Number of protein chains: 2
Amino acid sequence: MAAKTGRKKWVYWFGDGKADGNSTMRDLLGGKGAGVAEMTSAGIPVPPGFTITTEVCARFYENGRRFPQDAEPQMWDTLARIEKSTGMSFGDPSNPLLVSVRSGSKFSMPGMMDTILNLGLNDRTVEGHARRANNPRFAWDCYRRFISMYSSVVLEVEKEAFEKAIRARKAARGVTLDTELTLEDLQGLVGDFKSVVREHAGKDFPQDVKAQLRGARDAVFRSWNNERAIAYRRMYRISDALGTAVTVQSMVFGNTGPRSATGVGFTRDPGTGEKKFYGEFLTNAQGEDVVAGIRTPRPISELETELPAAFRQLREITARLEKHYRDVQDFEFTIQDEKLYMLQTRSGKRTGHAAVKIAVDMVAEKLITPREAVGRVEPAMFEQLLHPVFDPARRKEFAVVAKGLNASPGAAAGKAVFDAPTAEAWKARGERVLLIRAETCPDDIKGMAAAAGVLTSTGGRTSHAAVVGRQMGKPSVVGCAAIHVNEELKQATVEGRTIREGDPVSLDGTTGEVMLGDVPTRDSDILEVMRGRLDPAESPTYRAFAQLMKWADGIRRLKVRANADIPRDAEAAIALGAEGIGLCRTEHMFFAPERLPIVQEMIMATSEEGRRAALDRLLGFQRDDFYGLFKTMAGRPVTIRTLDPPLHEFLPKREDLMVEMAEAKAKGLEGPAVEQRRALLHRVEQLHEFNPMLGLRGCRLGILYPEITEMQARAIFEAAVRCAKEKKAVLPEVMIPLVGHVNELRHQAAVVRRVADEVMKKAGVRVKYLVGTMIEVPRAALVAGEIAQEAEFFSFGTNDLTQMTFGFSRDDAGKFLPLYISDQTKVLPEDPFVTVDKAGVGRLMTMATTEGRGTRADLKCGICGEHGGEPETVVFCHDIGLNYVSCSPYRVPVARLAAAHAVLREEARGGSRTPAKKSKARRKKGR
Amino acid sequence: MAAKTGRKKWVYWFGDGKADGNSTMRDLLGGKGAGVAEMTSAGIPVPPGFTITTEVCARFYENGRRFPQDAEPQMWDTLARIEKSTGMSFGDPSNPLLVSVRSGSKFSMPGMMDTILNLGLNDRTVEGHARRANNPRFAWDCYRRFISMYSSVVLEVEKEAFEKAIRARKAARGVTLDTELTLEDLQGLVGDFKSVVREHAGKDFPQDVKAQLRGARDAVFRSWNNERAIAYRRMYRISDALGTAVTVQSMVFGNTGPRSATGVGFTRDPGTGEKKFYGEFLTNAQGEDVVAGIRTPRPISELETELPAAFRQLREITARLEKHYRDVQDFEFTIQDEKLYMLQTRSGKRTGHAAVKIAVDMVAEKLITPREAVGRVEPAMFEQLLHPVFDPARRKEFAVVAKGLNASPGAAAGKAVFDAPTAEAWKARGERVLLIRAETCPDDIKGMAAAAGVLTSTGGRTSHAAVVGRQMGKPSVVGCAAIHVNEELKQATVEGRTIREGDPVSLDGTTGEVMLGDVPTRDSDILEVMRGRLDPAESPTYRAFAQLMKWADGIRRLKVRANADIPRDAEAAIALGAEGIGLCRTEHMFFAPERLPIVQEMIMATSEEGRRAALDRLLGFQRDDFYGLFKTMAGRPVTIRTLDPPLHEFLPKREDLMVEMAEAKAKGLEGPAVEQRRALLHRVEQLHEFNPMLGLRGCRLGILYPEITEMQARAIFEAAVRCAKEKKAVLPEVMIPLVGHVNELRHQAAVVRRVADEVMKKAGVRVKYLVGTMIEVPRAALVAGEIAQEAEFFSFGTNDLTQMTFGFSRDDAGKFLPLYISDQTKVLPEDPFVTVDKAGVGRLMTMATTEGRGTRADLKCGICGEHGGEPETVVFCHDIGLNYVSCSPYRVPVARLAAAHAVLREEARGGSRTPAKKSKARRKKGR
């Protein structure tokens, strides 16, 4: 094994204008490693170094979290090359090479894994470092930073222990700022830190630089599986199997003095997409200072006056990088004594708004094609364009109390909370919350995800809060210095007023403004234009959206329908591009206040005649409903599901009636009113079910009471013939729910077809229509070939199909599903009620589609469960060959985009609809 | 089409010692047609005739219930051959040919379809018939019978209308018996009957004999789909597609005078299996008189003195037939003026007791092989041997009030009911009923099925009640003349005492005795021998049973286990041949009165510590339970399922507590007791689920509270190591319920294996064990390949798998399932909770078995749902390659026999485990 793998390349060099890797090798080298390799080869100034591959990471874990021995020599050989290139020597007291050790996986996971700077310092090399920089204070500052960083990451000493030592030293010296500490103070602090390490880690801080490097390297590999990295991967569906690379790079210093600086930036605004140089820097600082949000950095435009040559070079290099990569670049740089070094470049994460604008702009700039533009916008991000904005009319009523940096656009209002766990807990109980922190750190990401928006008092546009906020599409205002946050007391003050936990606060991530109170929102530009309330010319957002949708529609083959029960929803659906109604739930029409008593009368009836009498009175209502829907949909297909829910849903709750009767009895009440309630309870008892989900509902109702199906069919076809007579196109698709056996469908289809014939014969017009079924009971999928004998279409009801395939009641799964998808058990990779479970539910869908079409080649297949608007599910539906997806009207644009992505992914695979298992296996082997 | 099918043979001749068909053609000619053809060829006296095939029946239905024109000429040509053979002529007034028209399908359906005798009589031929027989009274009696029979069957005139006319005529003449009517009376009655026909059918009784034949023939075809025939097929799982043949045969007459007779019989006793000539006859009667139960016929032994020559010939012929067919024969004969004719022979239906005895006897007689003997006993019938018998000690307390014919053995006690619908209704509400009728008719079969036993006051051992009772294995006493039944008043009198609806009555079908009251029963001989309470030498039933079981065990490959939770059940299981325990439900151990409070304490605990404290106290109980079970099973595998039901099952009901609290509030009660109940309600509310079936149960509980699984594993392995230390063999199989994802099993298996290691390490002994899972969630079957990575065995939990695959809650399906399996909708061919649904649930089982073994070749697969003891399911389990079935201890013998049948059926197919789809399709096409 060792002999075989020993010859393999584990370590990739970059430096002196040459690199073993390039930008295509992100799988192997991580984003960072691939980026620095590509830059190095392109002649861009990058400090030399090497990357240890993600394959080594995999072997590290296979090996019981130990670094594979055969990769060790390659690492030291390549380290020697850095020494040669820089003319410095690792561990050499006279001219010590210092390195950074960073993580880097295929997909950027900002701040989630560990980084160590200034590695190579010890009691002896610190002196050489001081002499070389001619700045002993700088050198000892590096050393104390290194000890605390290394010890917390590698030796797992609590950071707080070092903070405490600093506070003690400052107190003893009577100063408040770090910068006020003298050389002697820092030297003393190094001693203090070493004591802290001895005490907390039970061993000395390592003086052997090789041991330092090995320790840091392994810690970075380990950090792939720290809690927050796992949580992050969950959130962004990044595979746990990818692993991280480790990049070891010679240090350059932005903290040698005022002619040095360090910064991060974007080639365009990642919040809005505007084409402007965007970023921040700090002079005399190390990189971590900028992103950690501890010091508020300066806008990058000010670098031009500060260090004009370096600034010009930076602009030129980053413009070249954007052109080279044909995408917005997110870069890091350091200027050491006026010399510019690029430390990182990668595709910049952006908000949905920015993604759309940048994609459309880049097509105009001929940098990318429209197909590429469509591929650049993640459907999940895209949804942000439809999020509400503050209602301009109402907003004036609320005073702006502070203004911060507009880090991530959008309107957010909610109850103030001051820590992540509270944000999560309050969200879980249904509250809308706003997370307010001095600064955020990687431990906060779950809380950020739970919040409607994020507000920080420190940190810049590239601070953790800003970067993560944008990535999540979470409206964020950062660096809002006017607000003083006291996390311990769980409150903040602004302009003399106190914001306590639970107080309503609003923020506008587009302008950076913060308001007290719950500012009402209005619908997004997109919806406002759709409704004719906003002129498209006034909304660049709308125009970019429309352009991208047009391209997406040109690419996709999967049709997109909407679930809608009433004409108003149907109108919105059409405006948002729906090509039909995939699910109209007729029972929703039964709950209207003037109808419910009639429905209850029908349920209470003890004979078919009694039921028919009530149904006759419902007929007119339903007919008008359907007529309205047909008219709105103007000939597009309208799938109408016959009555689905159990009848007791239309009656008062059993336990409430039981309690009422018990009270009446205890109080000795009697009389006709009590008698009537008792009769009601009696019927409710009859209808009571232990598992209503698996009880008398769906087609079972229609088979027990065919007169209900009959009335509904009559309403549908009377509405349809009315349209036909008025020369309005109409295409009803009658859908029978909960079918598990072909005979159930046969029974109900016969009722529908008979009534259709009667109505059309009487009216003297013919209307085309289809009769089909939901596939939502596992058995239906298993015998789909038979069911297709009767069904002219299938519509996957993935809500119920998921419930029954997993045996999870959606109403009850709250007791265990959160635990299942938690990092604690990792039982399920994701919530199957959000993304369709491909291996189980998806397999049934694939079987049903294939075997249904085996019986009836032109069988129309769609999905109408709530999964229908979820991008990953949309792609899956395309892959298994469905004809359409149907989702809520507001998800229609997302589904359209996802359907286009499905085609692009298919093309990337080489045109096969289903990702072949073989090629997957090959990909795995190839790694 | 017509041209192509026109040359085909639709009509099969038999007569004059020659026949177109033979006994192998039951599919095409029906049992009757094949029987008479075979007898004719064997030189046995059979009146000549022909059979119209079941293919014609299929075409009759395809053709909109019209007889296919191209078969018409074949029929008339073959009728001419009867004329030639008999020398009589159809419709000839001087020497008229009369025929019978009978149904006959592949499987005998006694009395379910229609039969017409004496066809060919009209106003003119009746005279020739009279002259030829030299008996005008006989001829006119034939004629009036024919008119009423034909008119009720073909023209659908109510039989009652004819009865009324007879009663009127008798009253006018002042007589009470039919036989007292004179020739003139009968001639008058023919006139009356013709008027009845005209009035009720709206047309004249047909005088055209050809029209008569066509009408009768078509009516027989139609009767294939009458209500009772359909119900019968449902009950015995006979395919609706088989169709019936029609046999037209020249009439012979048992009613020409005292030298004529008609009868039916069996070559051995169909109730007990005893080898004795068994049957009944009536002199001067037609066949229908015997089976209809109107006149009580005489035992066949008396025929020897009455008509000795014919009797000898009958014994000789039937003995030949039994030898020829190598099975008990059920035959019909007619003696016309001392000449014997055989009308029918077929395999005789028999009770389970008789089936076993006959099979074992015939092996001893070297008539059949042991393999054939096993194949002769239907597993469903076999179960009758295990039915309880009256407790001999207690029985003496009850006086025998009447004695009838012991038509079908067994003990039955229940509430008296006097009509079939009441029997069904009372059964449905959970009552045990005894059906008491003057006589039964085919309309009663559902009521007979619902009853515990059947008692009739008239009819013989071959009457409808007797035949059907035996077939159903229903204890029956018939012809019990001492009991006078008044069906209208719903009561009966016996010895001056009145039995009213609902009164308890007992009957012994083995002795024919009837007792008032509810006589207690004891277990069957089999169980009594097993328990050492009965000497096998004293029980022939046991000896035959044991012999058959031995042969069956030699044939079967499928293992049979039992579901048992306690040592007593385990002992019974072993005694009945179980080879292991397939399901031990640990929760049953939680319900014991000394344990339940501890379980409740565990549920009420708010911390893991609290739960652990309660679990520690349960540990000892569970360990002792398992130790007892292991000891009993002596090294046979014992599959133990970890906790499965939702926790609220161990607490009081939510609604009861709610009502209690409401009452307490209304009455103003307060105090610590109320407070405690309120806390209980609070916890019950927390645990409340909308669909508990799909909620927090099974492995979900074990994942949420791993300490429960841990305690159970500890109990299992501590018991196992105790056995090991005592040198007792032990093989625990720990089964995790409700797994849907491999990670669930991985989680729980890790807990089990960790505890197993701990316990065994501590004890210093190793015990072999397996960890596996139930496959009861559809998803588990769909990803079985993955699950088999962790599972060492699969056990199909077909109860839950059926619930989830169909989306039927077993607790609630009572609202619609009866309708689904009713003839009214025919949605489902059978109750999927009784016989496993092969197309849906079975497909999942097949997939899971195949794919599970794809991952783990030696994966042990079994079934532990209640289907595991149902014969059809057992055969299916064999066919898909399971290793074992597990069922309740008392079903074990049935399962063993069914498993042997599976092998025999497989051999009959030519050795393939799964019935090939292709050959099925071919069979279909071939018809």
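## A short note on the overall build of chain A
Within chain A, the secondary structure is distributed over 38 helices and 32 strands. Relative to the 2.2 N^0.38 estimate, which gives 30 Å for 927 residues, the radius of gyration of chain A is 32 Å and therefore close to what a compact globule would have. In terms of its C-alpha atoms, chain A occupies a principal-axis envelope of roughly 105 × 65 × 55 Å. With 927 residues in all, chain A has 59% of them scored as buried. Restricting to contacts in chain A with at least 6 residues of sequence separation, those with at least 24 account for 69%. Accessible surface for chain A amounts to roughly 36200 Å². Of this, 51% is attributable to carbon and sulfur atoms. Within chain A, one finds 134 positive and 121 negative side-chain charges whose respective centroids are separated by 5 Å.

## What about the interface of chain B and chain A?
Opposite the 55 residues of chain B that make contact, chain A presents 55 residues. Counting the surface lost from both chain B and chain A, the interface buries some 5000 Å², and carbon and sulfur atoms represent 62% of this. Three residues, Leu694, Arg779 and Lys815 of chain B, lead the burial of chain B against chain A; their summed loss comes to 13% of the area buried on that side. Run the count over chain B and chain A and you get 6 salt bridges. Across the pair Glu851 of chain A and Arg843 of chain B runs a salt bridge whose closest N-O atoms are separated by 2.6 Å. Here chain B is connected to chain A by 34 residue pairs in polar contact (both at pLDDT 80 or more). Those elements that provide at least two residues to the side of chain B that touches chain A are helix 26 (654-666), helix 27 (672-687), helix 28 (699-704), helix 30 (742-763), helix 31 (778-782), helix 33 (798-806), helix 34 (817-820) and helix 35 (838-855) of chain B.

## Quick word on the packing of aromatic side chains
Geometrically, a pair of aromatic rings is defined through the distance of the ring centres and the angle of the planes. Counted according to the given criterion, the structure contains 44 aromatic pairs over all chains. With centroids separated by 5.3 Å and ring planes inclined at 80°, the aromatic side chains of Phe138 of chain B and Phe253 of chain B adopt a geometry described as edge-to-face. Taken together, the residues span a long stretch of sequence, with Phe138 of chain B in helix 6 (residues 136-153) and Phe253 of chain B in the loop between strand 6 (244-250) and strand 7 (261-266) at a distance of 115 residues. The pair Phe138 of chain B / Phe253 of chain B is uniform in exposure class, with both members buried. An aromatic cluster of at least three residues, connected via ring pairs, comprises Phe60, Tyr61, Phe67 and Phe221 of chain A. Positioned over the ring face of Phe67 of chain B is Arg217 of chain B, at 3.4 Å from the centre of the ring.

## Side note on the confidence of the model for chain A
Residue and element names in this part refer to chain A. Across chain A, the average pLDDT comes to 91, with 97% of residues at 70 or higher. Below a pLDDT of 50 lies the segment residues 1-6, which in the model reaches 6 contacts outside its immediate sequence neighbourhood of four places, other chains included. Contacts of residues 916-927 to residues separated by more than four positions or lying in other chains number 5 contacts, the stretch itself having pLDDT below 50. Quick note on the complex model: pTM equals 0.82, ipTM equals 0.81.

## Section: the nonpolar core
Of all hydrophobic cores here, the largest spans 305 residues; its most connected members are Leu548 and Met845 of chain A together with Leu548 and Met845 of chain B. Among the elements that take part in this core, helix 29 (residues 706-725) of chain A stands out by supplying 11 residues, more than any other. Discounting residues that sit within four places of it in the chain, Met845 of chain A has contacts with Phe796, Thr798, Leu801, Val836, Ile863, Phe876, Cys877, Ile880 and Leu882 of chain A.

## So, the pattern of salt bridges
All names here are of chain A. Counting across every chain of the model gives 162 salt bridges over all chains. When the shortest N-O distance is used, the salt bridge between Glu866 and Arg810 registers 3.5 Å. Highlighted residues: Glu866 in the loop between strand 31 (860-863) and helix 36 (871-879) and Arg810 in the loop between helix 33 (798-806) and helix 34 (817-820), separated in sequence by 56 residues. The exposure class assigned to Glu866 is exposed, which follows from its relative accessible area of 51%. Residue class for Arg810 comes out partly exposed when judged on its relative accessible area of 34%. Each of the salt bridges in this network shares a partner with another, and the network as a whole consists of Glu608, Arg612, Glu710, Arg714, Arg754 and Glu758.

## Let's talk about helix 24 (residues 596-604) of chain A
Residue and element names in this part refer to chain A. The set of residues buried in helix 24 consists of Ile598, Val599, Met602 and Ile603. Taken around the axis of helix 24, the buried residues stretch over an arc of 145°, which confines them to a single face. Residues of helix 24 that are buried in the fold lie against helix 25 (608-633), helix 27 (672-687) and helix 29.

## Topic: the side chain of Thr825 of chain A
On the secondary structure map, Thr825 of chain A appears in the loop between helix 34 and helix 35 (838-855). In terms of polar contacts, Thr825 of chain A uses its side chain to reach the backbone carbonyl oxygen of Tyr820 of chain A, at 3.5 Å.

## What to know about the relation of the copies chain B and chain A
For the pair chain B and chain A, the superposition axis carries a translation of 0.1 Å, the fit reaches an RMSD of 0.3 Å, and the rotation angle comes to 180°. What the rotation and shift describe, once combined, is the action of a two-fold rotation axis. Residues of chain B ranked by C-alpha distance from the rotation axis are headed by Asn691 of chain B, positioned 2.3 Å from it. When the interface residues of chain B are mapped onto chain A, 100% of them again lie at the interface, so the same face is used by both copies.

## Some remarks on the packing of helix 35 of chain A against helix 36 of chain A
All names here are of chain A. The N-to-C vectors of helix 35 and helix 36 enclose an angle of 35°; their axes lie 11 Å apart at closest approach. Relative to helix 36, the crossing made by helix 35 is right-handed. Residues Lys838, Gly842, Met845 and Thr846 of helix 35 touch helix 36, and the partners they reach there are Glu872, Phe876 and Cys877. Taken together, the residues that form the contact of helix 35 with helix 36 break down as 3 nonpolar, 2 polar and 2 charged.

Scoring rules and cut-offs
Residues numbered from 1 in each chain as written. Chains lettered and ligands numbered in written order. Predicted model: local features only at pLDDT ≥ 70, side-chain atom pairs only at ≥ 80, totals over all residues. Heavy atoms only, no water. Helix = DSSP H or I, 4+ residues; strand = E, 2+ residues; numbered from the N terminus. Rg over C-alpha atoms; globule rule 2.2 N^0.38 Å. Buried < 20%, exposed > 50% of the residue type's maximum accessible area, 1.4 Å probe, protein only. Contact = heavy atoms within 4.5 Å. Areas by Shrake-Rupley, 256 points an atom, 1.4 Å probe, with all protein chains shown as cover. Lys, Arg positive; Asp, Glu negative; His and termini not counted. Charge placed at Lys NZ, Arg CZ, Asp CG, Glu CD. Buried area = accessible area lost by both parts, 1.4 Å probe. Salt bridge = Lys/Arg side-chain N within 4 Å of Asp/Glu carboxyl O. Polar contact = N/O pair within 3.5 Å; in protein donor to acceptor, adjacent residues only side chain to side chain. Phe/Tyr/Trp six-rings, centres within 6.5 Å; stacked < 30°, edge-to-face > 60°. Lys NZ or Arg CZ within 6 Å of the ring centre and 35° of its normal. pLDDT = per-residue confidence, 0-100. Core = buried A, V, L, I, M, F, W, Y, C linked by side-chain atoms within 4.5 Å. Arc of directions from axis to C-beta. Least-squares fit on C-alpha atoms with pLDDT ≥ 70 in both. Axes fitted to C-alpha atoms, helices over the stretch in contact; angles between N-to-C directions. Left-handed = near helix turned anticlockwise from the far one by under 90°. Nonpolar A, V, L, I, M, F, W, Y, C, P; charged D, E, K, R; others polar.

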